[in-house]
Amino acid sequence: MSDTPFGFGLPPEEPDDGDEGKKKDQESGGGQGPANPFGFGGLPGAGGFGGPGSPGADNPLAAMFGSLNPTDLGAAFQQLGQMLSYEGGPVNWDMAKQIARQTVSQGTADGTKDASVGPAERSSVEEAVRLADLWLDDATSLPSGAGSAVAWSRAEWVEATLPAWKELVDPVAERVGTAMGDVLPEEMQAMAGPLIGMMRSMGGAMFGTQIGQAVGVLAGEVFGSTDIGLPLGPAGRAALLPVNIEAFGKDLGVAKEEVRLYLALREAAHQRLFAHVPWLRSHLFGAVDGYARGIKVDTAKLEDVVGQFDPQNPEQLQDALQQGMFQPEDTPEQKAALARLETALALVEGWVDAVVHAAAKPRLSSADALRETLRRRRASGGPAEQTFATLIGLELRPRRLRDASRLWASLTDARGVDGRDALWSHPDMLPTASDLDDPDGFVHREQLDFSELDKMLGEAADKPDLRKKDDGAKDDSGSKDADRGDDTE
């Protein structure tokens, strides 16, 4: 996955699967060259389109008029027409879905291919989630949040999570689309309307391409619907991906059942948190949105691109995007948004880590090994870090996850399970970024006790005679004040 935010590249060519593979190739436009935003590259008879020295190296449209057969030419123009005729939101989500499914169909780098989930695997996942929920009852005061358990293929994960990706990514793409229309003087925008519309259509397609690739790659790495610390799937539905779990546990030397159960614990713990902390989802998505809206567009560079834009050389815009046109603003507000987002995600992941460890440690001999393996996976740049870096230019600091886990474990020792989980009752009660730097200080800080205040308020409410007496006294002694107040008005 690209480390450059919005580096709009396409995944490798989809392998040939007989008639079905040919059909997909025709629908998606085949493979592509290194700098081709449309997916036309590698077409038969194109003379090595997209490669150095090839007819299409500088102009992909020119390459299409080589010795293409009618079928290839029709597919290429169909793809181009779909891209330029797009009139939806800031991201072409139909294209994103198509690219994600294509990426999934190619398999992962280790050669693992996607596969439909069979009845036996579905039954194993349902049993693992059911048992995980039983174990979690002893580790947290939050009740079960999974109304059902499902086993997904990678393609099913893509379908189920795209609505959440739309909510996360659209704010960034909206800024880019607006910037594309604002770089021209207002009096020229009406005259350049078709060009601006064309660029926005291309921008939507390019966002769709990059997001589709990112989501497709992520589908080959995740174990459930909550791996990145955000609820990506439908509410109340715990999900696991058997093909990814099997690939993950293959070389661990741990029984497959234990790996599945440990990951089911993590998924079920996330589901409890998101189901019973009603403000948490909007808080997390709002933090992502706040950070994304602080991303600025280099309008000087964009103006230069618009001024020299050649409709016959559309990859020019892609090259500009890859050179870092979109960067986070180095402002106090943006730094605060980043801190809020990092802290919120760290608190979620840290709580899940602590709760799952408490539930698994007495029951699974491999609990320590699996916990450390997953921690290292995140620290080395796992799915969450890579995806956020690609989609919104955000690189999370894995250090925060360990700090948060230690804080939640210390809170359990100091305040018990109920006292620890009570902090989720309101966002203002949660630890801050500075608290993650000093977990022990937060744990041993004197807790606010509202019980006496509640008692006083209750007693006051039960004394209407006293309240009436006070009101009467105020009427008698405060009449002059009231008259004086009238004069001042």
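Residues numbered from 1 in each chain as written. Predicted model: local features only at pLDDT ≥ 70, side-chain atom pairs only at ≥ 80, totals over all residues. Heavy atoms only, no water.

Q: I'd love a proper account of the overall build of the protein, names of residues and values included.
A: Helices and strands together make up the secondary structure of the protein, namely 22 helices and 4 strands. A burial count over the protein gives 48% of its 489 residues as buried. Counted over contacts in the protein with a minimum sequence separation of 6, partners at least 24 positions apart contribute 77%. Just so you have it, the protein exposes about 23000 Å², and 51% of that area is on carbon and sulfur atoms. (Helix = DSSP H or I, 4+ residues; strand = E, 2+ residues; numbered from the N terminus. Buried < 20%, exposed > 50% of the residue type's maximum accessible area, 1.4 Å probe, protein only. Contact = heavy atoms within 4.5 Å. Areas by Shrake-Rupley, 256 points an atom, 1.4 Å probe, with all protein chains shown as cover.)

Q: Would you mind going over the side chain of Arg-420 in detail, with residue names and values included?
A: Mapped onto the elements, Arg-420 comes out in helix α17 (residues 399-421). Using a relative accessible area of 2% as the deciding quantity, one classes Arg-420 as buried. When near neighbours in sequence (up to four residues on either side) are disregarded, Arg-420 contacts Ala-139, Thr-140, Trp-351, Val-355, Trp-408, Leu-411, Thr-412 and Arg-415.

Q: Just give me the short version of the packing of helix α5 (residues 119-136) against helix α10 (residues 256-276), but keep the residues and values in it.
A: Here α5 crosses α10 at 65 degrees, and the two axes come no closer than 8 Å. By crossing handedness, the relation of α5 to α10 is classed as right-handed. Residues Ser-124, Val-125, Ala-128, Val-129, Leu-131, Ala-132, Asp-133, Trp-135 and Leu-136 of α5 form the contact with α10, whose participating residues are Arg-260, Leu-261, Ala-264, Leu-265, Ala-268, Ala-269 and Arg-272. Each residue belonging to the contact of α5 with α10 can be placed in one class, and the counts come to 12 nonpolar, 1 polar and 3 charged. (Axes fitted to C-alpha atoms, helices over the stretch in contact; angles between N-to-C directions. Left-handed = near helix turned anticlockwise from the far one by under 90°. Nonpolar A, V, L, I, M, F, W, Y, C, P; charged D, E, K, R; others polar.)

Q: I'd like a rundown of the packing of α10 against helix α14 (residues 332-360), residues and numbers included.
A: Taken N-terminus to C-terminus, the directions of α10 and α14 make an angle of 130 degrees; their axes are 9 Å apart at the nearest point. When the axes of α10 and α14 are compared, the pair comes out oblique. The handedness of the crossing between α10 and α14 comes out as right-handed. Contacts between α10 and α14 involve Tyr-262, Leu-265, Arg-266, Ala-269, His-270, Leu-273 and Phe-274 from the former and Val-348, Glu-349, Trp-351, Val-352, Asp-353, Val-356, Ala-359 and Ala-360 from the latter. A per-class count over the contact of α10 with α14 returns 11 nonpolar, 1 polar and 3 charged. (Parallel < 35°, antiparallel > 145°, perpendicular 65-115°, else oblique.)

Q: How would you sum up the packing of aromatic side chains? Please name residues and give values.
A: The full count for this structure, using the stated rule, is 4 aromatic pairs. On the basis of an interplanar angle of 85 degrees and a centroid distance of 6.4 Å, the ring pair of Trp-351 and Trp-424 is categorised as edge-to-face. With a gap of 73 residues between them, Trp-351 in helix α14 and Trp-424 in the loop between α17 and α18 (433-437) connect regions that are remote in the sequence. For Trp-351, a relative accessible area of 0% puts it in the buried group. (Phe/Tyr/Trp six-rings, centres within 6.5 Å; stacked < 30°, edge-to-face > 60°.)

Q: Describe the nonpolar core, with residues and values.
A: Counting residues in hydrophobic clusters, the biggest one holds 92 residues, and the most contacted among them are Trp-157, Trp-165, Leu-230, Leu-280, Trp-351, Trp-408 and Trp-424. No other element matches α14, which puts 14 residues into this core. (Core = buried A, V, L, I, M, F, W, Y, C linked by side-chain atoms within 4.5 Å.)

Q: Quick one: what's the story with α14, residue by residue and with numbers?
A: For an α-helix the count is 3.6 residues per turn, leaving residues at separations of three or four pointing the same way. Over its 29 residues, α14 extends 41 Å from the first C-alpha to the last, a length consistent with the 42 Å expected when each residue adds 1.5 Å. Most of α14 is tucked away, with 21 of its 29 residues classed as buried. (Expected span 1.5 Å × (residues − 1).)

Q: Break down the environment of Leu-280 for me, citing the residues and quoting the values.
A: Relative to the elements of secondary structure, Leu-280 occurs in helix α11 (residues 280-292). On the accessibility criterion, Leu-280 (1% relative accessible area) is buried. Leu-280 sits 50 residues away from Leu-230 along the chain, and the two C-alpha atoms are 9.5 Å apart. Ignoring any residue separated from it by four or fewer positions in sequence, one finds Leu-280 in contact with Leu-273, Phe-274, Val-348 and Trp-424.

Q: I'd like a description of the side chain of Ser-225, backed by residues and values.
A: Tracing the backbone through its elements, the reader meets Ser-225 in the loop between α8 (193-219) and β2 (237-240). Note on Ser-225: relative accessible area 2%, which makes it buried. A polar contact of 2.6 Å, which involves the side chain of Ser-225, links it to the side chain of Glu-267. A distance of 3.5 Å separates a polar atom in the side chain of Ser-225 from a polar atom in the side chain of Gln-271. Beyond its immediate stretch of four places on either side in the chain, Ser-225 contacts Trp-152, Trp-157, Leu-230, Pro-231, Leu-232, Gly-233, Arg-237, Ala-239, Glu-267 and Gln-271. (Polar contact = N/O pair within 3.5 Å; in protein donor to acceptor, adjacent residues only side chain to side chain.)

Q: I'd like to hear about the environment of Leu-284, residue by residue, with values.
A: Mapped onto the secondary structure, Leu-284 falls in helix α11. A C-alpha to C-alpha distance of 9.4 Å links Leu-284 and Pro-231, two positions 53 residues apart in sequence. Ignoring anything within four residues of it in the chain, the contact list for Leu-284 reads Gly-229, Leu-230, Phe-274, Leu-341, Ala-344, Leu-345 and Val-348.

Q: Please give an account of the pattern of salt bridges that cites residues and values.
A: Going through the model one piece at a time under the given rule, you end up with 19 salt bridges. For the salt bridge of Asp-403 with Arg-400, the shortest nitrogen-to-oxygen distance reads 3.1 Å. Of the two residues, Asp-403 and Arg-400 both sit in helix α17, 3 residues apart, roughly one turn of that helix. With respect to burial, Asp-403 and Arg-400 carry one shared label: buried. A salt bridge links Arg-420 to Asp-421; the shortest N-O distance between them is 2.8 Å. For the pair Arg-420 and Asp-421, a shared accessibility class is recorded, and that class is buried. Linked by salt bridges that have partners in common, Lys-97, Arg-101 and Glu-159 make up one network. (Salt bridge = Lys/Arg side-chain N within 4 Å of Asp/Glu carboxyl O.)

Q: Explain α10 to me, and be specific about the residues and the numbers.
A: With 21 residues, α10 extends 30 Å between its outermost C-alpha atoms, agreeing within 8% with the 30 Å of an ideal straight helix rising 1.5 Å per residue. Taking burial as the measure, the 21 residues of α10 include 16 buried ones, the bulk of the element.

Q: Pulling in residues and values, what's your account of the environment of Arg-340?
A: Within the fold, Arg-340 resides in helix α14. Between the alpha carbons of Arg-340 and Ala-287 there is a distance of 6.4 Å; along the sequence they are 53 residues apart.

Q: Requested: an account of the confidence of the model for the protein, with residues and values cited.
A: Overall, the predicted model of the protein reaches an average pLDDT of 73, with 56% of residues at or above 70. Note on residues 1-68: pLDDT is under 50 here. Beyond four places in sequence and across chains, it has 149 contacts. (pLDDT = per-residue confidence, 0-100.)

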